[in-house]
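Here is what each chain is made of, one letter per residue.
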Amino acid sequence: MPYVITAPCIGTKDTACVDVCPVDCIHPRKDEPEFASSQMLFIHPGECIDCGACLPACPVDAIYEAPDACPADQRLLVEANAVYRSGDAEAVAQADALVAEHIAAHPGLVKGGV
Ligand code: SF4
Ligand code: SF4
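Heads up: these notes are all about the structure in this document. (Residues numbered from 1 in each chain as written. Chains lettered and ligands numbered in written order. Predicted model: local features only at pLDDT ≥ 70, side-chain atom pairs only at ≥ 80, totals over all residues.)

**Overview of the site of ligand 1**
Here is step 1 of the chain: As a matter of local geometry, ligand 1 sits amid 14 residues, with Cys21, Cys48, Cys51, Ala53 and Cys54 nearest to it.
Here is step 2 of the chain: Looking at side-chain class alone, the shell around ligand 1 contains 12 nonpolar, one polar and one charged residues. (Near = placed C-beta within 6 Å. Nonpolar A, V, L, I, M, F, W, Y, C, P; charged D, E, K, R; others polar.)

Shown next as structure tokens:
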């Protein structure tokens, strides 16, 4: 089961996890064109090797060890991790829409929030 990034990444997006991931499965990286517009980062579920290195690296506890481990209210963001594909405009748009839907459903969402 792949690791998953959730809401506290929104507004934080510091890429600490990217720096420690041994298989480069967390996107968008700072050098990718989608980085500026993306609200958060995503873990490619097919490439994550479950090493766990990213979890303690995250300063806001945004990362969970599996989709099933995420709080139920993170459902849309779990799905966003699953669909996001760096460089695939359609997949990026789908993930961005899911994140926007999550934010709309959580009007109190702030940096490090839910
Ligand atoms: S668990 Fe390991 S492989 Fe998976 S995203 Fe985190 S650092 Fe990368
Ligand atoms: S370390 Fe946490 S807050 Fe920083 S980019 Fe990764 S998931 Fe987002």
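**Quick look at the environment of Ala53**
Here is step 1 of the chain: Positionally, Ala53 belongs in the loop between β3 (42-43) and α2 (54-57).
Here is step 2 of the chain: Taking the C-alpha atoms as reference points, Ala53 and Val92, 39 residues apart in sequence, are found 25 Å from one another.
Here is step 3 of the chain: Beyond its immediate sequence surroundings of up to four residues, Ala53 is in contact with Val20, Cys21 and Pro22. (Helix = DSSP H or I, 4+ residues; strand = E, 2+ residues; numbered from the N terminus. Contact = placed C-beta atoms within 7 Å.)

**A look at the environment of Ala57**
Here is step 1 of the chain: Within the fold, Ala57 resides in helix α2.
Here is step 2 of the chain: Taking the C-alpha atoms as reference points, Ala57 and Cys21, 36 residues apart in sequence, are found 9.7 Å from one another.
Here is step 3 of the chain: Setting aside residues no more than four positions away along its own chain, Ala57 makes contact with Ala16, Cys17 and Val20.

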